[in-house]
Amino acid sequence: MAGGRGTRGKGAVGPLAQPSPTAGSTATGPRPAAPTAPTSRLEMTGISVAFGGVTALSDVSLVVEPGQVHGLIGPNGAGKTTLFNVACGLVRPSAGEMVWRGRPVRRLRPHQLAGLGISRTLQGVGLFAGMTVLENVMVGAHRHARAGFASALLALPRSDADERALRARATAALADLGAERYAGRYPGGLPYPVQKRVALARALVSEPDLLLLDEPASGLGEDEMHELGELIRTLSGRMSVLLVEHHMDLVMRVCDRITVLDSGRQISAGTPAEVQADPAVTEAYLGDDVDVAADAAALSATEGGRHHG
Ligand SMILES: Nc1ncnc2c1ncn2[C@@H]1O[C@H](COP(=O)(O)OP(=O)(O)OP(=O)(O)O)[C@@H](O)[C@H]1O
């Protein structure tokens, strides 16, 4: 997945390019480059969500610190995706508040994310089947891109200059993820791990200040997962990352801090080492199904928390 990462010289335009005076501009207008903006903090406080009679989240709080990777873990049904969806504006909480870059965010809608400097990947890949890989990534660069094929088409640039600039940025984003050679292909015919890279390129091409990742490692092999971990560490410092993930070794390796949910409640929070040492966490996992019990075993077996390499 690393692809051409770190191999391009000065003037590179991809999301992993070194910060430069032009790094924050988009084909549709400049956005101030703020790779380590101190205000890129997401605060979620007292979040509660109920679906009919089911309480999915109850008074959950977490803070994604600027430039850090924050992991969100927990057994099946713990409420991870629900909290992630609150951060994306896909689910409206019944109580609680969110503050992004020091400002309260009320009634967040998914189409506002890009304008706020937030990108996400969802479970699965969600690529547009009728667009090429390159076009899919280009859509991600549009600050006002909406979810939906027609809206996505409308989001593509009108002028040739915009088109060229956007194409260059999208191509660079694909190159960063080692997926440049698939630019002209349609997503449907590509292996699932490649589709996931494309979805990630689409999220990164807008150079977000906050990246929301929902199970990015699902469907990946060991090598791909290792590369994903390295990529996430590379991204941190340039943006804040909220990571929902079942693969415990990946979470322990890449996260600065972790919040653990169980049955809609926060049961633990801290550094990977602190969370691993918390009996409440192991207990919660052992009460779950076989796969997650295996995660609990991995949790106990992983030593020393995060390894930077
Ligand atoms: N749209 C919905 N309608 C009704 N109940 C829901 C809905 N979405 C989630 N829930 C319920 O809310 C709870 C939390 O679900 P959520 O998907 O957030 O958990 P999770 O930690 O992401 O689980 P998993 O790891 O299995 O994906 C579960 O009891 C789930 O059944």
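Computed from a prediction, not measured in an experiment: that's the story for all the values here.

> Which residues make up the site of the ligand, and what values do they have?
The full set of residues close to the ligand is Phe51, Val54, Ala56, Gly74, Asn76, Gly77, Ala78, Gly79, Lys80, Thr81 and Thr82. Among the elements of the structure, β4 (54–64) and α1 (80–88) are those that each provide at least two residues to the shell around the ligand. Among the elements that take part in the shell around the ligand, α1 stands out by supplying 3 residues, more than any other. Among the residues forming the shell around the ligand, the class breakdown is 4 nonpolar, 6 polar and 1 charged.

> I'd like a description of the sheet that holds strand β8 (residues 118–121), backed by residues and values.
Read across the sheet, 6 strands follow the order β8-β9-β10-β5-β11-β12 without closing on themselves; strand pairing throughout is mixed. Edge positions in the sheet fall to β8 and β12 (265–270), since each has one partner strand and no second. With direction set aside, neighbouring strand axes in the sheet form an average angle of 15°. When strand β9 (residues 210–214) meets strand β10 (residues 240–244), the two strands line up parallel, connected through 5 bridges. From the neighbouring strand, leucine 213 faces β10, where its bridge partner is leucine 243. Sitting on the sheet, helix α9 (residues 279–286) is in contact with β11 (257–262) and β12, with an inclination near 135° to β12.

> Kindly report on the pairing of β10, identifying the contributing residues and their values.
Burial analysis of β10 places 5 of its 5 residues in the buried class, which makes it a mostly covered element. Of the strand pairs in this sheet, strand β5 (residues 69–73) and β10 are connected by 4 bridges, and their pairing is parallel. Among the inter-strand pairings, leucine 72 is bridged to a residue of β10, identified as valine 244. For the segment spanning β9, helix α6 (residues 222–235) and β10, crossover handedness is right-handed.

> Help me get a handle on the pairing of β9, residues and values and all.
Where burial is concerned, most of β9 is hidden: 5 out of the 5 residues are buried. Burial of the side chains of β9 extends over both faces: Leu210, Leu212 and Asp214 are buried on one face and Leu211 and Leu213 on the other. Sheet analysis places β8 next to β9, joined by 4 bridges and oriented parallel. Paired with serine 119 across the two strands is leucine 211, which belongs to β9.

Calculation notes
- Along every chain, residues carry numbers that run from 1 in the direction the sequence is written.
- Since the coordinates come from a predicted model, pLDDT governs what is reported: local features require at least 70, and pairs of side-chain atoms require 80 or more to be given and counted, while whole-chain, interface and lining totals use all residues.
- Only the C-beta atom matters for this test: placed from the backbone, it must lie within 6 Å of a molecule or strand for the residue to be near it.
- Here a strand is any run of E in DSSP of at least two residues, a helix any run of H or I of at least four, and the numbering for each starts at the N terminus.
- Polar here means any residue other than Ala, Val, Leu, Ile, Met, Phe, Trp, Tyr, Cys and Pro, which are nonpolar, and Asp, Glu, Lys and Arg, which are charged; Gly is therefore polar.
- Strand pairing follows a simple DSSP-based rule, namely that at least 2 bridges must link the two strands.
- Axes, fitted as lines to C-alpha atoms, cover a helix only where it is in contact. Angles between the N-to-C directions of the axes lie from 0 to 180 degrees.
- C-beta atoms are placed from the backbone for every residue, and two residues are taken to be in contact when these atoms lie within 7 Å.
- Any residue whose C-beta has 12 or fewer other C-beta atoms within 10 Å is treated as exposed, any with 20 or more as buried, and any in between as partly exposed, C-beta atoms being built from the backbone.
- Handedness is read with the strands pointing away from the viewer; a crossover is right-handed when the path from the first strand over the helix to the second is clockwise.

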